[in-house]
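Inside the fold
Take a look at the letters that make up each chain.
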Amino acid sequence: MSATQATGADAIVRIRGGLGNQLFQYAFGQLLELKYNRRVVFDLSFYNQRRRHHETPKLLEYGFPMATTDTVPAEAQRARKFKRLSYGIQLGLFGIAYVKDKEAGYSPIPGFSGATYFDGLWQSPLYFKGYEEEIRNRVRRPLLLCADLRASIKVNTIGCHIRRGDYLGHNTLAKLDYRTYIENAITSIKDATGKSVERVELFSDDPDWCEQNLADGQLVRVFRGATVLDDFVGLMLCQHKVISNSTFSWWAAYIDHATDGLVVAPKRWFNDRGSREIDIVVDPSWIVVPDCSSTRSCSPRPRDL
């Protein structure tokens, strides 16, 4: 049985990681359907083994329409071992080609004429160029349906995402100085809109830390959702967003309803500069600000670790 017969698809997209990563991979699969008219199946075999608590197949839980498989076709496994061979040679040898992204921004999709297994993060809005609104709608719709949303946009409210948790032990990802970053972000939004801010809501995987270190009980308050989806949709409904260096808040900002809202993104995303620069994951219309003052290095302070 061929790879396409085994999956009922001529494109297989691997899903892995937490919600933000899953949304990038799902959106990439939607692009293959929209732009290339491909039948897409999503490979969930990553979740067959025990992962970190946030790494569960959220898309299925939230009712995303998607054909899935939990087994990688044998032909794709063989092609992976010979991924350095050209696309055409892989097709000839295995009946399927294995394509992996650089995981460091946009890399052109090869013109594919046969079954293809796509493995990567696909973390760039450049993949969606020309299909942005349809991609936004396809990602937004199931999330709002699952959330049973009846709320409206929170006008003059800034939603700030604070990502700690697993990031504290992740050496390659920047550990932002959130105090200075949020101050810079609020100033930028006030300057751009000419309006005062009525409320700042903090969304975090560590709400207790935010309560102790960032909230003031008046302007700045911690949002305590019961689920990850509550946090995601709550952040999405804020008129303005201050995202962290996280794909979770990237997507909450990207699929936002508030057309007159602003998005602020951090200048630092990674500790290892070089090929993984900020423009690989930040929409060009967003405001980029540092998480440090002009007189101080952007190295994280001990109290942020």
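Higher on the page you've got the structure.
Here the structure is a predicted model, which is why all the values come from computation and not from measurement. (Residues numbered from 1 in each chain as written. Predicted model: local features only at pLDDT ≥ 70, side-chain atom pairs only at ≥ 80, totals over all residues. Heavy atoms only, no water.)

**A closer look at helix α9 (residues 228–237)**
One turn of an α-helix holds 3.6 residues; hence residues three or four places apart share an orientation. Quick reminder of the rule: Only protein chains enter the accessibility calculation, which uses a 1.4 Å probe. A residue is then buried if its area is under 20% of the maximum for its type, exposed if over 50%, and partly exposed in between. Numbering of helices and strands runs from the N terminus, with a helix taken as a DSSP run of H or I at least four residues long and a strand as a DSSP run of E at least two residues long. We call two residues contacting when some pair of their heavy atoms lies within 4.5 Å.
With eight of ten residues buried, α9 lies mostly within the body of the structure. On its buried side, α9 packs onto α2 (19–36), α6 (132–147), β6 (154–162), β7 (199–204), β9 (238–242) and α10 (247–254).

**Section: the packing of α9 against α10**
Two packed helices can be described by the angle between their axes and the distance between those axes. Here is the rule: For helices, the fitted line uses only the C-alpha atoms of the stretch in contact; every axis is such a line through C-alpha atoms, and the angle between N-to-C directions lies from 0 to 180 degrees. In this scheme, roughly parallel covers angles under 35 degrees and roughly antiparallel covers those over 145, while 65 to 115 is roughly perpendicular and the rest are oblique. In this scheme the crossing of two helices becomes right-handed for a clockwise turn of the near helix relative to the far one and left-handed for an anticlockwise turn of less than a right angle. Ten residue types, Ala, Val, Leu, Ile, Met, Phe, Trp, Tyr, Cys and Pro, are classed as nonpolar, four, Asp, Glu, Lys and Arg, as charged, and the remainder, Gly among them, as polar.
At a minimum axis separation of 8 Å, α9 and α10 run at an interaxial angle of 45 degrees. Considered as vectors, α9 and α10 are oriented oblique to each other. Taken as a pair, α9 and α10 cross one another with a handedness that is right-handed. Counting all contacts with α9, which are made through Val228, Asp231, Phe232, Leu235 and Met236, the residues of α10 involved are Phe248, Ser249, Trp251 and Ala252. Among the residues making up the contact of α9 with α10, the classes are represented as seven nonpolar, one polar and one charged.

**As for the nonpolar core**
Counted only if it meets this: Definition of nonpolar core: a set of buried residues of the types Ala, Val, Leu, Ile, Met, Phe, Trp, Tyr and Cys, connected through side-chain atoms within 4.5 Å.
Leu32, Phe118, Val139, Phe232, Trp251 and Trp286 are the most contacted members of the largest nonpolar core, which totals 58 residues. The element best represented in this core is α2, accounting for eight residues. Residues contacting tryptophan 286, with those up to four places away along its chain left out, are Ile243, Trp250, Ala253, Tyr254, Val263 and Ala265. Listed in part, the 22 residues of the second largest apolar core include Ile182, Val200, Leu202 and Val220.

**A word on the pattern of salt bridges**
Quick note on the threshold: When a carboxyl oxygen of Asp or Glu is within 4 Å of a side-chain nitrogen of Lys or Arg, the pair counts as a salt bridge.
One pass over the structure, following the stated rule, counts 15 salt bridges. Here glutamate 33 and arginine 138 are joined by a salt bridge, their closest N and O atoms 3.3 Å apart. Of this pair, glutamate 33 sits in helix α2 while arginine 138 sits in helix α6, and the two are 105 residues apart along the sequence. One network of salt bridges, in which partners are shared, links Arg14, Arg16 and Asp119.

**Focus on the environment of serine 196**
Tracing the backbone through its elements, the reader meets serine 196 in the loop between α7 (178–193) and β7. C-alpha separation for the pair serine 196 and isoleucine 186, spaced ten residues apart in sequence, amounts to 9.6 Å.

**As for the sheet that holds strand β2 (residues 40–43)**
To keep it simple, the criterion reads: What makes two strands pair is DSSP finding at least two bridges between them.
The strand order across the open sheet formed by five strands is β3-β2-β1-β5-β4, and the pairing between neighbours is parallel. Two strands lie at the open edges of the sheet, namely β3 (68–69) and β4 (97–100), each paired on one side alone. As paired strands, strand β1 (residues 11–14) and β2 are joined by four bridges and run parallel to one another. Bridged to valine 13 within β2 is phenylalanine 42. Sitting on the sheet, helix α5 (residues 87–94) is in contact with β4 and β5 (116–119), with an inclination near 140 degrees to β4.

**Structural notes on the pairing of β5**
Every second residue of β5 is oriented toward a common face, with Thr116 and Phe118 on one face and Tyr117 and Asp119 on the other, all of them buried. Taken together, the three bridges between β1 and β5 define a ladder with parallel strand orientation. Counterpart to alanine 11 in the pairing with β5 is threonine 116. Here β4 pairs with β5 via four bridges, running parallel. Residue pairing across strands places alanine 97 opposite threonine 116, the latter belonging to β5.

**Considering the packing of aromatic side chains**
To be explicit about the condition: Within 6.5 Å between ring centres, the rings of Phe, Tyr and Trp (the latter by its six-membered ring) count as paired, and their orientation is classed by plane angle as stacked under 30 degrees, edge-to-face over 60, tilted in between.
Throughout the structure, instances matching the rule amount to 21 aromatic pairs. Centre to centre, the rings of phenylalanine 24 and tryptophan 250 are 4.6 Å apart; their planes meet at 45 degrees, and the pair counts as tilted. With a gap of 226 residues between them, phenylalanine 24 in helix α2 and tryptophan 250 in helix α10 connect regions that are remote in the sequence. No difference in accessibility class separates phenylalanine 24 from tryptophan 250, as the two residues are buried. Here tyrosine 98 and tyrosine 117 contribute two aromatic rings whose centre-to-centre distance is 5.8 Å and whose plane-to-plane angle is 10 degrees, an arrangement assigned as stacked. Linking tyrosine 98 in strand β4 with tyrosine 117 in strand β5, this pair joins segments that are 19 residues apart in sequence.

**Description of the pairing of β2**
Counted only if it meets this: When the strands point away from the viewer, a crossover counts as right-handed if the route from the first strand across the helix to the second turns clockwise.
Because side chains alternate across β2, one face comprises the buried residues Val40 and Phe42, and the other comprises Val41 and Asp43, equally buried. The β-α-β motif built from β1, the intervening α2 and the parallel element β2 has right-handed crossover chirality. Examined bridge by bridge, β2 and β3 share two bridges and lie parallel to one another. Its bridge partner being in β3, aspartate 43 is matched across the sheet by threonine 69.

**Focus: empty space enclosed by the protein**
The line we're drawing: Throughout, the protein atoms alone are placed on a 1 Å grid, and a set of points is a cavity if a 1.4 Å probe fits but cannot get out or a pocket if it is open with protein on both sides within 12 Å along at least five of seven lines; lining residues have an atom within 4 Å of a point. Grid points are joined across faces, edges and corners, and a volume is the space filled by probe spheres set on the points.
Under the counting rule described, the total for this entry stands at two cavities of 30 Å³ or more. Size it by volume and the largest cavity reaches roughly 80 Å³. In this structure, the largest cavity is lined by eleven residues; those nearest its centre are Arg163, Arg164, Lys175, Leu176 and Tyr178. Looking at the lining of the largest cavity, its residues break down into six nonpolar, one polar and four charged.

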